[in-house]
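Chain by chain, the residues run as shown.
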Amino acid sequence: MGISVSFFGATKTVTGSLFLLNIRGTKLLVDCGMFQGHDHERNYEKFPFDPGEVSYLLLTHAHIDHCGRIPLLVKEGFKGEIICTKPTAQIAKIMLLDAAKVMKEHYKTLYKKAVRKGKELPPPPIYETYDVIKSFYFFKVLVYYDTPILLKNDIRVTFRNAGHILGSAFIEIEDLKTGIRLTFSGDLGNTDKPIIKPYELPEKGDFVFMETTYGNRNHKSFEESKEEFLQAILETFERGGNVLIPSFALERAQEILYILREFYEEGKLPRCHVFLDSPLAIKATQIFKDNPEFYDEETLEVFTHEDPFDFPYLQLTEDVEESKAINNFRSNAIIIAGNGMVSGGRILHHLKNNLWREECSLIFVGFQAKGTIGRAIVNGAKKVHIFGEEIPVRAKVYTINGFSSHAGQNELFDWLKNFKQVKKLFLIHGEPESMEDFATLVKKELSHKVKDIIIPDYGDEVELK
Ligand SMILES: [Zn+2]
Ligand SMILES: [Zn+2]
């Protein structure tokens with residue numbers, strides 16, 4: 001018996017990462033992510049394999065498009081071991097609890113609407129809080145970077161730092177019987193960014209499975225973006241308004257706090273009120289504080305004498321009453337709230353109160369998917385609907401591009417070129433245009449190392465030999 005891989009997610013798209021390996025009869029999964037956006041319906045399909053037969057789930061990191069279907073996997077019979085780093089386990093747990101809550105609220109809204117309009121009822125959420133908590137039991141093995149562990153049937157796996165978010169890894173899997181090595185990149189990080197260490201370089205891998213989120217472009221430099229961010233804040237305060245920052249709770253929110261603390265210490269940030277108005281982001285920040293061994297040198301240096309994510313102007317507003325009280329601030333406030341794409345969460349309340357005021361500003365620090373209010377505003381919408389009300393967009397809109405957590409094209413290429421010889425390169429986790437561009441680049445520059453490039457489709461199964 002040989003080795004095969006089946007592609008059940010993140011094929012020609014960026015969400016739903018899930019890859020099934022069969023190594024001489026032992027079944028392993030790499031990631032078990034949720035589909036988001038236009039592929040969302042896929043979450044309701046049955047897994048195309050028996051979860052009860054899977055021995056291990058190797059989890060690259062805690063983003064919901066990589067871990068979001070774990071409770072469903074357990075609900076459908078998975079009894080194996082989930083293997084990941086300590087921060088990945090900690091963050092995945094709060095992300096999954098939040099996902100269950102968001103799905104439940106979304107379901108309630110759709111249900112009421114269907115009843116009101118006499119339409120067909122929506123399907124219930126794929127799992128609930130109860131299922132999430134049951135799945136925690138299976139987070140059994142916590143690994144450190146660069147520390148190989150031996151699984152049954154002579155399979156060895158090593159997690160290495162992917163530099164993407166706290167605890168993120170790329171994974172090397174070695175079949176000790178045949179000597180064949182597989183490398184799954186997970187999501188690779190933007191090496192320019194603060195807090196966590198930049199990605200490690202791979203060496204050996206016969207079969208490489210590589211993300212291509214930004215396979216066709218590079219980001220603006222981080223330093224430049226930081227300066228733009230500061231200018232946007234200063235301009236807004238001069239106009240006498242508030243700054244709204246829709247942010248993802250994980251990583252981006254902590255980076256914003258880290259940068260604002262730096263501005264404060266350098267004397268660049270005028271006296272103001274900074275609100276982190278997101279219970280999930282507050283929890284995630286605590287996990288960052290609990291894992292200093294994952295920091296880069298600079299952050300570690302800060303950590304030895306102070307909290308890298310705190311400064312005197314910062315207030316954490318966990319409960320709803322505190323959050324509502326932020327409305328009393330008409331100027332000189334920076335409000336960081338979720339969700340990052342303005343498709344829900346507390347940011348909507350703040351937009352309702354500030355978006356129509358021309359002295360205010362809205363700063364986008366992350367990707368805005370098609371179909372979200374965030375994307376509409378970035379594209380220049382003059383008005384948006386929030387809680388059934390039409391709100392004119394008069395605030396100034398800024399888009400900061402360099403804060404991405406993903407490697408740009410150059411960084412993806414730099415990572416790949418470190419392999420000595422690659423028999424087959426599989427491009428995953430990217431839009432088709434991005435994959436094509438990256439494939440062209442690899443064919444041109446690395447054809448002496450990379451023998452074959454494959455862009456798999458959903459459901460493809462490939463023998464690896
Ligand atoms: Zn990710
Ligand atoms: Zn991802």
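Quick summary incoming for the structure in this document. Only a predicted model underlies this, so the values are computations on that prediction, with no experimental measurement involved. (Residues numbered from 1 in each chain as written. Chains lettered and ligands numbered in written order. Predicted model: local features only at pLDDT ≥ 70, side-chain atom pairs only at ≥ 80, totals over all residues. Heavy atoms only, no water.)

**Section: empty space enclosed by the protein**
Scanning all chains against the criterion turns up four cavities of 30 Å³ or more. Ser17, Phe19, Asp31, Gly186 and Ile428 are, among the 14 residues lining the largest cavity, the residues nearest its centre. Residue composition of the lining of the largest cavity, grouped by class: five nonpolar, six polar and three charged. (1 Å grid on protein atoms, 1.4 Å probe; cavity = no way out; pocket = protein on both sides within 12 Å on 5 of 7 lines; lining within 4 Å. Points joined across faces, edges and corners; volume = space filled by probe spheres on them. Nonpolar A, V, L, I, M, F, W, Y, C, P; charged D, E, K, R; others polar.)

**As for the sheet that holds strand β2 (residues 19-23)**
The mixed open sheet is built from seven strands, whose spatial order is β6-β5-β4-β3-β2-β1-β22. Of all the strands in the sheet, the pair left with one neighbour each is β6 (141-143) and β22 (461-464). Strand-to-strand twist of the sheet, defined as the mean angle between neighbouring strand axes without regard to direction, takes the value 20°. Across five bridges, the pairing between β2 and strand β3 (residues 26-30) is antiparallel. Within β3, the residue paired with Leu21 across the bridge is Leu28. Against the sheet, helix α3 (residues 86-117) contacts β5 (81-85) and β6, and its axis sits at roughly 110° relative to β5. (Pairing = 2+ DSSP bridges. Helix = DSSP H or I, 4+ residues; strand = E, 2+ residues; numbered from the N terminus. Axes fitted to C-alpha atoms, helices over the stretch in contact; angles between N-to-C directions. Contact = heavy atoms within 4.5 Å.)

**With respect to a positive patch on the surface**
There is a patch of like positive charges on the surface, built from Lys104, Lys108, Lys112, Lys113, Arg116, Lys117 and Lys119. Among the structural elements, Lys117 can be located in helix α3. (Patch = residues over 30% accessible without salt bridge, like charges linked within 9 Å, V, L, I, M, F, W, Y side chains within 5 Å. Areas by Shrake-Rupley, 256 points an atom, 1.4 Å probe, with all protein chains shown as cover. Salt bridge = Lys/Arg side-chain N within 4 Å of Asp/Glu carboxyl O. Lys, Arg positive; Asp, Glu negative; His and termini not counted. Charge placed at Lys NZ, Arg CZ, Asp CG, Glu CD.)

**Some points on the sheet that holds strand β21 (residues 453-454)**
Strand order in the open sheet formed by seven strands is β7-β8-β9-β10-β11-β20-β21, and the pairing between neighbours is mixed. Of all strands in the sheet, those bounded by a partner on one side alone are β7 (149-151) and β21. When strand β11 (residues 207-211) meets strand β20 (residues 424-428), the two strands line up parallel, connected through five bridges. By the bridge assignment for β20, Met210 is matched with Leu427. On the sheet, helix α12 (residues 409-416) packs against β9 (169-175), β10 (181-184), β11 and β20 and is oriented at approximately 165° with respect to β11.

**Considerations on the coordination of the zinc ion (ligand 2)**
Protein coordination of the zinc ion (ligand 2) is provided by Asp65 (OD), His66 (NE2), Asp187 (OD) and His429 (NE2), with donor distances spanning 2.1 to 2.3 Å. Each of the four donor atoms around the zinc ion (ligand 2) contributes to a set of angles spanning 88 to 164°, which defines the coordination as irregular. In primary sequence terms, the donor set of the zinc ion (ligand 2) follows D-H-x120-D-x241-H. The distance between the zinc ion (ligand 2) and the zinc ion (ligand 1) is 3.4 Å, with Asp187 acting as a donor to both metals. With His66 in helix α1 (residues 64-67) and Asp187 in the loop between β10 and β11, this pair connects stretches of sequence that are 121 residues apart. (Donors = N, O, S within 2.8 Å, 3.2 Å for Na, K, Ca; no water. Tetrahedral: all angles 85-135°; square planar, octahedral: opposite > 155°, others 65-115°.)

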